[in-house]
Amino acid sequence: ALPRTLEGVHVAISAGGTREALDPVRFIGNRSSGKQGYALARVAAQRGARVTLVAGNTADLATPAGVDLVRIGSAVELREAMHEVAADADVVVMAAAVADFRPVSLTGHKIKKTDGDPDPIALTKNPDILVELVAARRPGQLVVGFAAETGDETTSVLDYGRAKLRRKGCDLLVLNAVGDGKAFEQEDNAGWLLSPDGSEIAIPHGPKTQVASAVWDAVTARLTQPQ
Ligand code: PMT
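Residues numbered from 1 in each chain as written. Predicted model: local features only at pLDDT ≥ 70, side-chain atom pairs only at ≥ 80, totals over all residues. Heavy atoms only, no water.

Visitor: Is there a simple way to explain the nonpolar core in this structure?
Guide: It is characteristic of soluble globular proteins that their nonpolar side chains tend to be buried jointly. V11, I13, L40, V51, V91 and W216 are the most contacted members of the largest nonpolar core, which totals 33 residues. Mapped by element, the contributors of at least two residues to this core are β1 (10-15), α1 (35-46), β4 (50-55), β6 (91-94), β9 (142-149), β10 (172-177) and α5 (208-224). If one sorts the elements of this core by residue count, α1 sits on top with 7 residues. Residue contacts for V51: discarding those within four places in its chain leaves V11, I13, A41, A44, A45, V67 and D68. Listed in part, the 25 residues of the second largest apolar core include L78, L130, C170 and L194. (Core = buried A, V, L, I, M, F, W, Y, C linked by side-chain atoms within 4.5 Å. Buried < 20%, exposed > 50% of the residue type's maximum accessible area, 1.4 Å probe, protein only. Helix = DSSP H or I, 4+ residues; strand = E, 2+ residues; numbered from the N terminus. Contact = heavy atoms within 4.5 Å.)

The following block contains the structure:
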């Protein structure tokens with residue numbers, strides 16, 4: 001049997017992608033399948049946690065046994081759900097892929113095809129839910145962020161991750177390299193666990209449940225540390 005290291009702990013996890021509506025039938029979305037977030041939920045429940053899973057658009061995934069599921073569509077809906085759940089959670093994990101922007105206006109009718117050039121889509125910024133959750137953190141509460149990064153000629157994935165950890169202010173950042181068919185929609189994942197104290201732990205490539213186990217090990221170590 002697995003050690004019940006999260007007994008008595010309430011964890012709130014977001015998973016999947018948000019959808020930002022353009023009109024009644026179209027949206028801006030992303031490739032997140034929710035598999036990593038669901039794996040986090042499954043492992044946490046197996047370790048004895050009370051789990052609330054807030055899911056956006058996902059692949060066809062079974063809700064893990066004993067997990068409370070809340071469904072959301074857009075980033076604004078996710079924000080509302082996370083604030084509500086986080087108010088009662090000991091650990092908050094943002095594994096969802098949240099759209100940074102949404103269309104300025106939602107057309108009530110289906111946008112029609114025109115003969116000329118289409119109108120550009122005007123976008124506005126979505127709230128940064130992770131930053132808000134960090135600001136609203138209760139005493140003793142841990143907030144875990146994820147980062148999906150690609151490297152480029154000047155900056156490595158790790159450097160982008162380090163900068164994101166500073167910007168978001170969370171207690172732990174799970175950094176995933178993406179692109180080239182990595183992480184999104186896959187059965188397996190890899191990455192690093194970055195902490196504000198500068199510690200950086202590589203998570204070896206493996207099934208998403210194994211990555212989830214590494215995350216919960218790190219969370220458990222921080223929960224049992226005197227704060
Ligand atoms: O769902 P899968 O197919 O299994 O794939 C898993 C995954 C790659 C989606 C997952 O492991 C992952 O990395 N999730 C975060 C994806 C992401 O969009 O990261 P980001 O670097 O854009 O955002 C950084 C953090 O801020 C994330 O915790 C995100 O949830 C949060 N965020 C981002 C934007 C925003 N407006 N609000 C937020 O809270």
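Visitor: Is there a simple way to explain the pairing of strand β12 (residues 200-207) in this structure?
Guide: Side-chain positions along a regular strand alternate between the two faces of the sheet. Two strands pair when backbone bridges link them, and strand β11 (residues 188-194) and β12 are joined in this way by 6 bridges, in the antiparallel orientation. Note on β12: the bridge partner recorded for N189 is G206. (Pairing = 2+ DSSP bridges.)

Visitor: I'm lost on the site of the ligand in this one. Help?
Guide: Taken together, the neighbourhood of the ligand is formed by 28 residues, with S32, S33, K164, N176 and K208 sitting nearest. Q36 has a polar backbone atom sitting 2.8 Å from an oxygen atom of the ligand. L130 has a polar backbone atom sitting 2.8 Å from an oxygen atom of the ligand. Look at the ligand: alone it shows 780 Å² of surface, and the protein chains cover 96% of it. (Near = heavy atom within 4 Å. Polar contact = N/O pair within 3.5 Å; in protein donor to acceptor, adjacent residues only side chain to side chain. Areas by Shrake-Rupley, 256 points an atom, 1.4 Å probe, with all protein chains shown as cover.)

Visitor: What exactly am I supposed to notice about a nonpolar patch on the surface here?
Guide: On the surface, a nonpolar cluster with roughly 350 Å² of combined accessible area is contributed by I28, F101, I121 and L123. You can see F101 is positioned in strand β7 (residues 101-103). (Patch = residues over 30% accessible without salt bridge, like charges linked within 9 Å, V, L, I, M, F, W, Y side chains within 5 Å. Salt bridge = Lys/Arg side-chain N within 4 Å of Asp/Glu carboxyl O.)

Visitor: When you look at the environment of A86 in this model, what are you seeing that I'm missing?
Guide: Along the chain, the position of A86 falls in helix α2 (residues 75-86). As a C-alpha pair, A86 and G16 span 70 residues in sequence and 18 Å in three-dimensional space. Not counting residues up to four positions away in its chain, the partners in contact with A86 are V92, L133, R138 and Q141.

Visitor: In this structure, what is going on with α1? I would like to understand it.
Guide: Residue pairs three or four apart in sequence face the same way in an α-helix, which turns once every 3.6 residues. In this model α1 runs 16 Å from its N-terminal to its C-terminal C-alpha over 12 residues, within 8% of the 16 Å that 1.5 Å per residue would give. By the criterion of burial, α1 is predominantly enclosed, with 10 of the 12 residues buried. Every buried residue of α1 is listed here: K35, Q36, G37, Y38, A39, L40, A41, V43, A44 and A45. Phi turns positive, to about 100°, at G48, one or two residues after α1. (Expected span 1.5 Å × (residues − 1).)

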